[in-house]
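# Survey of secondary and tertiary structure
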Amino acid sequence: MTSFELLALDLDGTTVNHDLSISPRVLRAVREALDKGVLVTIATGRNVPSTRPFVERFAVNAPVICQQGVMIYDYRTERVLHRITLPHELACELAALERQHPTWKAVVYQGDRIYVTDGAFFSWLDNLVGQGFSAVPDLCMVLGRNDADKILFTLDPHEAPAALERLRAIVGSRATVVQSHARFVEVNPLGADKGSALKMLAADLGIVRERVMAIGDQGNDVTMIEWAGLGVAMGNGNELTKSVADWV
């Protein structure tokens, strides 16, 4: 039986419940892995501040993959180890889609900052999109001349499949589009995905692919589940994620 050295955990829908609780059983399992000397990381769509409480609760002992692979952050040294950004022009083009599709509520991530146009709408979703967001009238203007990290669209679950295809058609080869939640479709920079980030992190740590386990539930987890030596999908995950997993 393979002895694993690195364990990558998705948060929402995998190790964290919709009410943000973590079951004692999950906490015990992570603690047992840590006690055996396994390095534990988180791979999430959340940004650095929104991930910090979970880093502390799981007692994570390795750098963490944030924002779908946009960033690898070391909480022990408070340093960004790796970051990829979404070009400013593309970010502004995508932000403008909110006016064309009123039911697509856009969220722009830039460093530790999160911007939305409809603060009232997101007041009940802040635990998922990230706490401490700012409501602004123009998502492009607030970026200044700087790039964004990623853009997330919140919509009704029944709209997600069509939005996913529409955004992929608009973006083409300029970025990556994934569904990360029943209500979320995200546009991330090229090269920013959990699989690529996990591969990079494992290399930095000197750990071979065969000794990496990754666990997730949604389309944004597919790349890391495919890449890991043992990829695990949650039973409540989507069909694509389960189809690429070694174990469900």
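Quick note: structure is the one above.
Residues numbered from 1 in each chain as written. Predicted model: local features only at pLDDT ≥ 70, side-chain atom pairs only at ≥ 80, totals over all residues. Heavy atoms only, no water.

## Here's the deal with the nonpolar core
When a protein is soluble and globular, its nonpolar side chains tend to lie buried together. Among the nonpolar cores identified, the biggest contains 29 residues, and Leu7, Val40, Ile42, Phe54 and Phe58 are the most heavily contacted of them. Put simply, the parts of the chain that give this core at least two residues each are strand S1 (6-9), helix H1 (24-35), strand S2 (39-42), helix H2 (48-58), strand S3 (64-66), strand S4 (71-74) and strand S12 (212-216). Broken down by element, this core gets its largest block of residues, 4 residues, from H2. Dropping the residues within four chain positions of it, Ile42 is found in contact with Leu9, Leu11, Thr51, Phe54, Val55, Phe58, Val60, Val64 and Ile65. Tyr115, Phe153, Leu155 and Leu164 belong to the second-largest nonpolar core, a separate cluster that totals 27 residues. (Core = buried A, V, L, I, M, F, W, Y, C linked by side-chain atoms within 4.5 Å. Buried < 20%, exposed > 50% of the residue type's maximum accessible area, 1.4 Å probe, protein only. Helix = DSSP H or I, 4+ residues; strand = E, 2+ residues; numbered from the N terminus. Contact = heavy atoms within 4.5 Å.)

## Re helix H8 (residues 160-171)
In a regular helix each residue adds 1.5 Å, so 12 residues correspond to 16 Å; H8 covers 16 Å between its end C-alpha atoms and thus fits that length. Buried within H8 are the following residues: Ala160, Ala163, Leu164, Leu167, Ile170 and Val171. Take H8 and look down its axis: the buried residues cluster within an arc of 130°, on one side only. In H8, the exposed positions that point more than 90 degrees away from the buried face belong to Pro161, Ala162 and Ala169. In this structure, the buried residues of H8 make contact with helix H3 (88-95), helix H4 (97-100), strand S9 (150-154), strand S10 (175-181) and strand S11 (184-189). Count one or two residues on from H8 and you reach Gly172, which has phi positive near 60°. (Expected span 1.5 Å × (residues − 1). Arc of directions from axis to C-beta.)

## A closer look at the pairing of S2
Sheet topology note: the S1/S2 ladder contains 4 bridges and is parallel. Among the inter-strand pairings, Leu9 is bridged to a residue of S2, identified as Ile42. One crossover worth recording links S1 to the parallel S2 by way of H1, and it is right-handed. (Pairing = 2+ DSSP bridges. Right-handed = clockwise from strand over helix to strand, strands pointing away.)

## Some words on H1
Between the first and last C-alpha of H1 there are 16 Å, a value that for 12 residues agrees with the 16 Å anticipated at 1.5 Å per step. By the burial criterion, the buried members of H1 are Val30, Ala33 and Leu34. Projection of H1 onto a plane perpendicular to its axis shows the buried side chains occupying an angular sector of 100°, all on one side. The outward face of H1, more than 90 degrees from its buried face, is lined by the exposed residues Pro24, Arg25, Arg28 and Asp35.

## Side note on the sheet that holds strand S13 (residues 230-233)
Within a sheet, adjacent strands bond to each other through the backbone by hydrogen bonds, running parallel or antiparallel. Here we have 4 strands laid out as an open sheet, ordered S2-S1-S12-S13, and parallel in their pairing. Each edge of the open sheet is held by one strand with a lone partner, namely S2 and S13. In this sheet, adjacent strand axes meet at a mean angle of 15° when their direction is disregarded. Contacts from helix H9 (residues 194-205) reach S1, S2 and S12, with the element oriented near 155° to S1. (Axes fitted to C-alpha atoms, helices over the stretch in contact; angles between N-to-C directions.)

## Topic: the sheet that holds strand S5 (residues 79-83)
Spatial ordering of the open sheet is given by S3-S4-S5, a layout of 3 strands whose pairing is antiparallel. With partners counted over all chains shown, the strands left at the sheet margins are S3 and S5, one partner each. Neighbouring strand axes in the sheet, compared pairwise and without regard to direction, differ in orientation by 30° on average. Together, S3 and S4 form the strand contacts of H2, whose direction differs from that of S3 by roughly 145°.

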